[in-house]
Amino acid sequence: METPPQPGAMDALHEAGIWAALALQAGPPWLEQFWVYLTSHFDPKSIYTFCFPLAHGLDARVGLMVLWIGLVAEWLNVVLKWFLFGERPYWWIHESGLFSQEELEKLPLRQFPVTCETGPGSPSGHCMIPGAALWPLVTALTAEVARSTRSRVLRLIPFLAYILFLVAMGLSRIFVLAHFPHQVVTGILAGSALGWGLQRCPPNFRVFRFFVAVAVVLMLSALALHSLATAAGIDLDWSLRLASAWCSDPAWLRPDTRPFASLCRVVGSALGLALAAETPLRRRDEDQLLDGRLRVASTVLALLALQLVHRLPRPSDAAALYRHVVVHYAAGPFLVVSVLPRFVIALRNFLEPSQVPPHTN
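Residues numbered from 1 in each chain as written. Predicted model: local features only at pLDDT ≥ 70, side-chain atom pairs only at ≥ 80, totals over all residues. Heavy atoms only, no water.

### A closer look at the UniProt feature "active site" (unreviewed entry) in the protein chain
Listed under "active site" (unreviewed entry) in the UniProt record, and renumbered for this structure, are H126 and H179. Sequence-wise these annotated residues cover 54 residues; spatially they are packed, their C-alpha atoms never more than 9.8 Å apart. Excluding residues that lie within four positions of it along the chain, H126 makes contacts with T39, F42, D43, P44, E117, M169 and R173. Within the structure, H126 has its side chain in polar contact with the backbone oxygen of T39 (distance 3.3 Å). With respect to the secondary-structure elements, H179 resides in the loop between α9 (152-175) and α10 (181-199). Here H179 falls in the buried class, since its relative accessible area comes to 1%. Excluding anything up to four places from it in sequence, H179 contacts R88, P89, G121, S124, G125, R173, I174 and V184. Here R88 takes part through its side chain, which lies 3.4 Å from a polar atom of the side chain of H179. (UniProt positions renumbered as here; feature names shortened; annotations may be inferred. Contact = heavy atoms within 4.5 Å. Polar contact = N/O pair within 3.5 Å; in protein donor to acceptor, adjacent residues only side chain to side chain. Helix = DSSP H or I, 4+ residues; strand = E, 2+ residues; numbered from the N terminus. Buried < 20%, exposed > 50% of the residue type's maximum accessible area, 1.4 Å probe, protein only.)

Quick look at the structure:
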């Protein structure tokens with residue numbers, strides 16, 4: 001009779017994560033809907049399409065920092081996932097050999113359309129990238145509250161909301177079998193530390209060449225690391241095969257969860273920051289945007305425009321998909337920072353000529 005494999009330290013950690021997922025999936029149906037909604041609507045892409053334009057509408061520099069820290073965090077997350085070789089629950093439970101077929105059939109674990117991420121699992125990108133990118137927004141809101149009140153409780157509200165959001169996101173990732181608990185904890189800690197560190201050394205957002213160089217360096221360095229690992233006999237694409245083997249529905253295998261799709265988001269966003277740096281608003285336009293109505297209009301238009309851009313049909317071919325991602329994510333910062341504010345100002349000046357400020361030398 002064949003002796004079952006003995007679990008090691010990591011297997012024990014993974015097995016504990018399976019029981020945590022079972023406990024979460026045993027919850028009420030309304031809570032299931034909440035976890036699925038949270039993990040599907042507030043994934044790392046929402047930093048580029050929702051959090052960045054919203055933060056930019058509140059404060060232009062804070063919005064740019066959200067985007068800048070988000071793209072650096074996503075690049076680092078891809079590299080860490082490549083070399084930490086983190087398992088994902090939905091395939092580990094089959095590959096580990098710790099569960100017999102009969103035991104697997106008795107476990108009431110379910111997969112969801114958002115389960116089948118194709119990259120490695122550690123650290124959680126859903127926790128690390130928002131954890132880093134939202135740091136400047138949270139600190140800005142905290143400073144704003146501190147200027148309005150002396151209450152320590154009120155001043156803590158932005159950070160409490162930040163912590164609750166990340167904890168809820170982590171639980172949602174465990175619920176859908178995309179991550180183990182230790183992976184979401186690692187993601188939260190790494191993201192918070194990265195956000196804190198990068199906020200202390202902001203770049204000059206008006207230097208076009210800097211962001212072009214960032215886009216080139218981040219892409220080439222990732223390609224170089226991938227090539228060196230492959231040459232050394234390290235298979236960095238192992239997770240793609242396991243995802244394909246154990247996903248309940250092949251239609252749930254989304255190409256935009258591949259590591260290179262993440263790198264294309266990073267490169268596109270950096271190029272978008274370069275375009276925005278090359279076409280800065282004039283001081284006269286910046287002064288007009290101090291009008292709350294114009295800022296609200298510009299922010300609403302930005303949110304709608306980015307949703308429209310990212311709902312356009314995507315090609316099925318991998319190379320065409322990657323080009324598509326670069327172009328779409330480059331369009332985002334350009335629209336939010338340069339194009340739409342100018343459009344709103346021009347529209348207001350056309351409809352209300354009396355509000356046009358006089359030219360100054």
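Here the narrative resumes.
### Overview of the UniProt feature "binding site: substrate" (unreviewed entry) in the protein chain
Cross-referencing UniProt, the feature "binding site: substrate" (unreviewed entry) maps to R88 and R173 in the present numbering. Despite a sequence span of 86 residues, these residues sit close together in the fold, their greatest C-alpha distance being 10.3 Å. Counting through the fold element by element, R88 comes out in the loop between α4 (60-84) and α5 (89-95). Under the relative-accessibility criterion, R88 is labelled buried at 1%.

### Digging into the packing of helix α1 (residues 9-25) against α9
Contact geometry of α1 with α9 gives a least axis separation of 8 Å together with a crossing angle of 100 degrees. What the angle tells us is that α1 and α9 run roughly perpendicular. Contacts between α1 and α9 involve G17, A20, A21, L24 and Q25 from the first element and L171, I174 and F175 from the second. Tallied by class, residues from the contact of α1 with α9 come to six nonpolar, two polar and no charged. (Axes fitted to C-alpha atoms, helices over the stretch in contact; angles between N-to-C directions. Parallel < 35°, antiparallel > 145°, perpendicular 65-115°, else oblique. Nonpolar A, V, L, I, M, F, W, Y, C, P; charged D, E, K, R; others polar.)

### Focus on the packing of aromatic side chains
Counted according to the given criterion, the structure contains 20 aromatic pairs. Ring geometry for Y37 and F42: centres 6.5 Å apart, planes at 65 degrees, overall edge-to-face. Geometrically, the ring pair formed by F260 and Y322 is tilted, given 6.5 Å between the ring centres and 50 degrees between the ring planes. Of the two residues, F260 sits in helix α13 (residues 259-278) while Y322 sits in helix α16 (residues 318-351), which places them 62 residues apart along the sequence. (Phe/Tyr/Trp six-rings, centres within 6.5 Å; stacked < 30°, edge-to-face > 60°.)

### Some thoughts on the state of the cysteines
Throughout the structure, instances matching the rule amount to one disulfide. Disulfide partner of C116: C247, at an S-S distance of 2.0 Å. Where C116 bonds to C247 through sulfur, the torsion about that S-S bond is close to 90 degrees, and the disulfide is right-handed. Here the residue C116 occupies a position in the loop between α6 (101-106) and α7 (125-133), and C247 occupies one in the loop between α12 (238-246) and α13, the gap between them amounting to 131 residues. Across the pair, exposure class does not vary: C116 and C247 are buried alike. (Disulfide = S-S within 2.5 Å.)

### Quick look at the pattern of salt bridges
Inspection of the entire model under this criterion finds 16 salt bridges. Note that K45 and D256 form a salt bridge whose closest N and O atoms lie 3.5 Å from each other. Residue K45 is located in helix α3 (residues 45-58), and its partner D256 is located in the loop between α12 and α13; the two are separated by 211 residues in the primary sequence. Residue classification places D256 among the buried positions, given a relative accessible area of 10%. When the shortest N-O distance is used, the salt bridge between R265 and E74 registers 2.7 Å. Of this pair, R265 sits in helix α13 while E74 is found in helix α4, placing the two residues 191 residues apart along the sequence. Each of D43, K45, E117, R173, R254, D256 and R314 takes part in one network of salt bridges that share partners. (Salt bridge = Lys/Arg side-chain N within 4 Å of Asp/Glu carboxyl O.)

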